[in-house]
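As a plain string of letters, each chain reads:
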Amino acid sequence: MDKIIIRGGNRLSGTVPVSGAKNAALTLLPCALLTEEPVTLRNLPRLADIDGFQHLLNQFGVSTSIAGARPEDFGRVMTLQATRLTSTVAPYDLVRKMRASILVLGPLLSRAGEATVSLPGGCAIGNRPIDLHLKALEAFGAQIELAAGYVRAIAPDGGLPGGDYSFPIVSVGATENALMAAVLARGTSTLHNAAREPEIVDLCNLLVAMGAQIEGIGTSDITIHGVNRLHGATYMVMPDRIEAGSYACAAAITGGDITLAGARAEDMASTIQALRDAGVLVEQVRGGLRVASEGPLRPVTLSTAPYPGLATDMQAQLMAMLCLANGSSVLTETIFENRYMHVPELNRMGAHIETKGRTAIVHGVSKLHGAEVMATDLRASMSLVIAGLAAEGESQVHRLYHLDRGYERLEEKFALIGADVERVGGD
Ligand code: UD1
């Protein structure tokens with residue numbers, strides 16, 4: 001298996017293009033199930049997860065074609081068309097590999113009146129149940145059965161009546177599934193305590209472009225008036241705020257000065273605040289964001305929270321950056337239990353991090369050293385790359401497939417800003 005070799009110590013500088021957002025793309029793709037007309041998505045990142053989702057949609061009879069992509073381009077344009085659904089079953093083998101597959105449940109149910117989706121099973125960053133997805137669909141009138149590791153959802157009489165649901169905790173995926181289920185319901189549905197992440201806004205914007213009627217977009221109270229049918233649309237995937245934030249941490253830890261081309265500051269306020277509190281200059285420039293070191297990193301106290309709070313998907317990268325801060329930082333992870341698997345690996349690189357339950361204390365050290373490391377999830381893997389960029393000597397990050405799930409052409413992007421990052425075969 002491939003691994004990445006990082007020779008640390010280079011100060012990053014230059015411009016790096018920000019790709020389309022993975023997590024937005026993974027909820028925009030299943031919208032193609034909601035109409036027989038073509039849906040064209042522009043700025044889709046080239047990622048293993050996107051390929052996996054395309055494959056899953058093909059299983060339902062959705063045709064997919066990719067246009068105009070040259071190998072050297074970042075991003076792709078994909079046209080998806082679900083003229084007729086040939087299956088409404090998402091099998092274990094596909095769902096197991098990609099948890100976001102659960103996002104076909106709402107749109108399949110909405111369009112076909114039934115869906116059978118394998119339960120995603122355990123996950124490296126906690127239990128990650130789907131109970132809220134199912135409760136929201138039930139509130140909209142779906143009948144749900146669980147059997148043999150599958151969830152089967154049926155809309156009685158062929159269509160969902162719609163209803164009201166109040167989330168006990170904020171869930172991005174459950175909000176997305178509920179939205180995609182409600183747009184074709186016979187009546188009006190409301191969601192309370194809905195997730196407000198920018199990716200949810202992106203989803204709502206595509207649904208509206210397809211003819212959906214949604215009020216309260218970007219707020220925690222969303223009303224969806226069901227329509228009889230949706231039509232095709234062409235839509236541009238939003239820039240990836242987590243990818244942008246990851247490169248920002250990489251620039252900051254190396255004392256660098258980079259421009260994130262295409263980054264949208266308004267989606268990243270909490271990350272920008274965390275960087276500024278740590279003494280990093282972040283300013284809006286034409287076409288993106290400039291992130292520049294302004295002397296030693298300062299320690300900060302951070303807590304992850306649903307949007308507009310600090311994204312849990314930025315926790316590991318910020319932690320890596322804070323390993324070299326001038327004092328002790330305190331990080332609290334409130335979204336997922338067990339999301340500190342990068343800590344022992346960072347410590348193997350010379351970091352000094354202690355964890356107690358959901359809190360991590362990052363005692364700043366004066367330097368990190370290269371090591372062979374591996375991580376069990378995507379953002380944790382990126383945190384090791386970030387640490388490796390500032391470490392003395394060579395680091396090897398194994399289990400590259402995690403990074404390939406979520407970072408488009410990582411080593412090429414790092415090369416653009418002067419990092420010494422190389423992908424090699426063998427593990
Ligand atoms: C999405 C993102 C992921 C991000 C997370 C939180 C995608 C593909 N993934 O994941 O990168 O880290 O949001 O911002 O967009 N929960 C339940 N029951 C449920 C659903 C969730 O208890 O039915 C809990 C989870 O265990 C977790 C919390 O709710 O503790 C938030 O999870 P959620 O927002 O649903 O995360 P995902 O949508 O899976």
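Residues numbered from 1 in each chain as written. Predicted model: local features only at pLDDT ≥ 70, side-chain atom pairs only at ≥ 80, totals over all residues. Heavy atoms only, no water.

(A) Molecular detail of the site of the ligand. In the vicinity of the ligand, 18 residues are found, and the nearest of them are D131, L132, S171, D313 and I335. With respect to the ligand, the side chain of D313 contributes an N or O atom lying 2.6 Å from an oxygen atom. Within the backbone of I335, a nitrogen or oxygen atom sits 2.6 Å from an oxygen atom of the ligand. In isolation the ligand exposes 730 Å². Once the protein is present, 85% of that is buried. Listed by contribution, the elements that provide at least two residues to the shell around the ligand are helix 5 (131-139) and helix 6 (172-182). Considering every element that reaches the shell around the ligand, the biggest residue donor is helix 5, with 3 residues. Taken together, the residues of the shell around the ligand sort by class into 8 nonpolar, 5 polar and 5 charged. The residues that make up the shell around the ligand include at least three from each of domain 1 (3-18 + 239-424) and domain 2 (22-236). (Near = heavy atom within 4 Å. Polar contact = N/O pair within 3.5 Å; in protein donor to acceptor, adjacent residues only side chain to side chain. Areas by Shrake-Rupley, 256 points an atom, 1.4 Å probe, with all protein chains shown as cover. Helix = DSSP H or I, 4+ residues; strand = E, 2+ residues; numbered from the N terminus. Nonpolar A, V, L, I, M, F, W, Y, C, P; charged D, E, K, R; others polar. Domains from an automatic or database assignment.)

(B) Quick look at the sheet that holds strand 19 (residues 328-332). As summarised here, the arrangement of the 4 strands in space is 18-19-21-20, forming an open sheet in which the pairing is mixed. The two strands at the open ends of the sheet, each matched to only one other strand, are strand 18 (301-303) and strand 20 (352-356). On average, each strand axis in the sheet is tilted by 15 degrees relative to the strand beside it, whichever way the strands run. In terms of strand pairing, strand 19 meets strand 21 (residues 359-363) through 5 bridges, oriented antiparallel. (Pairing = 2+ DSSP bridges. Axes fitted to C-alpha atoms, helices over the stretch in contact; angles between N-to-C directions.)

(C) A look at the sheet that holds strand 12 (residues 213-215). Taken in spatial order, the 4 strands of this open sheet run 10-11-13-12, and their pairing is mixed. Every other strand in the sheet has two partners, leaving strand 10 (164-166) and strand 12 as the edge strands with one partner each. The mean angle between the axes of side-by-side strands here comes to 15 degrees, regardless of whether they run parallel or antiparallel. For strand 11 (residues 188-192) and strand 13 (residues 222-225), the ladder comprises 4 bridges, and the chain directions are antiparallel. Across the sheet, the residue bridging to T188 is H225, located in strand 13.

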